[in-house]
Amino acid sequence: MTDPQSHFYFSNGKLSVDGYPLEPVIKKLNTPLYVYSSVAIRASIEELKKGLSGLNHLICYAVKANSNLGILSFIKKTNIGMDLVSVGELKRALQVGVDPQKCVFSGVGKTEKEITFTIQKKIHSFNVESVEELELISRVAEKCKIKVNIALRYNPDVDPKTHPYISTGLKENKFGLEKNEILEIVKNIKRHSFLKISGLSVHIGSQILTLKPFDDAFAKLKKLAKDVELLMKARLDFLDLGGGLGVVYQNEKTVSIKHYTQLIQKHFGKKSDLKARYEILIEPGRLIMANAGALLTTVLFEKKRDKKRFLIVDAAMNDLLRPALYESYHDIVPLQQNKQGGSTINSDVVGPVCESADFFARKRKLSKKIKSKDILAILSAGAYGMSMSGNYNSRPRAAEVLVVDGKKIKNIRLRETEQDLWRGEKK
Ligand SMILES: *Cc1c(COP(=O)(O)O)cnc(C)c1O
């Protein structure tokens, strides 16, 4: 499993991405700037593929983790599919040439317009999250005269033991269908002549750090699959296991991709009781992107207080919302190695936005050598970073670059201009 520093490290005293120096990139493009490592992205995907080999499988990258076309285009080249939660994401996937047959559509609030467009594109399957949604998909499918594959998203009531905002598989969460609802749907499916129940899916949450919740969810899913097949008197084609595997932000003990895929093999592989009967889908997002990206920012001002200081930087919560939203931890390292070490001082690294939640670190012991004008890298920002960004306080959004194989850079997003800020507005 990659840790935050394995692709972002010092080379000749300067921070690099896989050995590619970042200082010249910043000189040219300025900060705030998101940088990504193609090597890191590929490494996790290849490890997942290796772990799932022998299984008929489809890895669907969860586009919402980072939906930049440059990232999607790179991921597409690894031949995996995509997990979408809006038609906007489907259109992004189509932009980079992803085969719709490798796309699944998840989410609790799909609109008729979104469903219509998606049905016409003939995606792999819809993950259905409510009875009313099922009825809507059925009506649209009938209107389009297109047979649609659906998976019923099961809420297994398993505690993923993660931050409450990213728990999705508990009874109290808005996601998925309960067992009884699923059995009811199965009993009545004959009414929907354009729907085929081809699979079941689960996705219990994000940043999950132990195998137990997965183990429990997979066991419950298998049991439900059996019940559903008995009722349908037919086999399901696939099971979608969702995403959610956690990554290292600080020093968490995580589950390796190897152990995660071994668990999948144990439940669904050739040696399992199911003897690899189903196509297995997974939907990783964070796992692929989190430690493949960093947010670079410049210290604007240092402001001293009793026993601590503020480092006011030019990035803010509108660029990276995770600390404000989840009080999440991100490692912060200087661009210049010689700004590390020596005596430290409790530092609050904060942005310019008028909210006290606008911070990247609190009481972080950072070297006293870090001063105004220094560049800092906020690590592990590749997932749910840029994709959650906004324009609060009328701040143009950051630029993004992909470092390809540690050898060259690809500008994958221009910095927004002021004109971009009021595009579509009327005086
Ligand atoms: C967000 C999401 C994912 C990805 O979760 P990660 O924790 O980033 O792996 C997968 N599936 C669904 C349905 C999601 O909503």
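A few points on the structure. No experiment lies behind these values; they were computed from the predicted model shown.

### Considerations on helix 2 (residues 38-51)
So, point 1. In this model, helix 2 (14 residues) spans 20 Å end to end at C-alpha, consistent with the 20 Å of a helix rising 1.5 Å per residue.
So, point 2. Between the side-chain oxygen of the N-cap and the backbone nitrogen of Val39 there are 3.3 Å, and the N-cap of helix 2 in question is Ser37.

### Comments concerning the sheet that holds strand 3 (residues 20-21)
So, point 1. Spatially, 1-2-3 is the arrangement adopted by the three strands of the open sheet, whose pairing is antiparallel. The open sheet has two edge strands with one neighbour each: strand 1 (8-11) and strand 3.
So, point 2. Of the pairings in the sheet, the one linking strand 2 (residues 14-17) to strand 3 comprises two bridges and is antiparallel in character. The residue bridging Ser16 from the neighbouring strand is Pro21, located in strand 3.

### Considerations on the site of the ligand
So, point 1. Around the ligand lies a shell of 14 residues, among which Lys64, Ser206, Glu283, Arg286 and Tyr384 are the nearest.
So, point 2. In this structure, Lys64 approaches the ligand through a side-chain N or O atom, which is 2.7 Å from an oxygen atom.
So, point 3. Contact between the ligand and Gly244: an oxygen atom at 2.9 Å from a main-chain N or O atom of the residue.
So, point 4. Spatially, the ligand is embedded in the largest pocket.
So, point 5. The residue inventory of the shell around the ligand, partitioned by class, reads three nonpolar, six polar and five charged.

### Some points on the layout of surface pockets
So, point 1. Computed from the structure, the largest pocket encloses a volume of approximately 590 Å³.
So, point 2. Taken together, 30 residues form the lining of the largest pocket, with Lys64, Thr168, Phe175, His203 and Tyr384 sitting closest to its centre.
So, point 3. Residues belonging to the lining of the largest pocket are distributed by class as follows: 13 nonpolar, 11 polar and six charged.
So, point 4. In this structure, the second largest pocket encloses a volume near 260 Å³.
So, point 5. Lining of the second largest pocket is provided by Val186, Lys187, Ile189, Lys190, Leu195, Lys196, Ile197, Leu231, Met232, Lys233, Ala234 and Arg235.
So, point 6. At the level of elements, helix 7 (179-187), strand 10 (195-201) and helix 8 (212-232) are the ones that each hand at least two residues to the lining of the second largest pocket.
So, point 7. Ranked by residues supplied to the lining of the second largest pocket, first place goes to strand 10 with three residues.
So, point 8. Tallied by class, the residues present in the lining of the second largest pocket amount to seven nonpolar, no polar and five charged.

Definitions and limits used
- Residues numbered from 1 in each chain as written.
- Predicted model: local features only at pLDDT ≥ 70, side-chain atom pairs only at ≥ 80, totals over all residues.
- Heavy atoms only, no water.
- Helix = DSSP H or I, 4+ residues; strand = E, 2+ residues; numbered from the N terminus.
- Expected span 1.5 Å × (residues − 1).
- Polar contact = N/O pair within 3.5 Å; in protein donor to acceptor, adjacent residues only side chain to side chain.
- Pairing = 2+ DSSP bridges.
- Near = heavy atom within 4 Å.
- 1 Å grid on protein atoms, 1.4 Å probe; cavity = no way out; pocket = protein on both sides within 12 Å on 5 of 7 lines; lining within 4 Å.
- Sits in = over half its atoms within 2 Å of the grid points.
- Nonpolar A, V, L, I, M, F, W, Y, C, P; charged D, E, K, R; others polar.
- Points joined across faces, edges and corners; volume = space filled by probe spheres on them.

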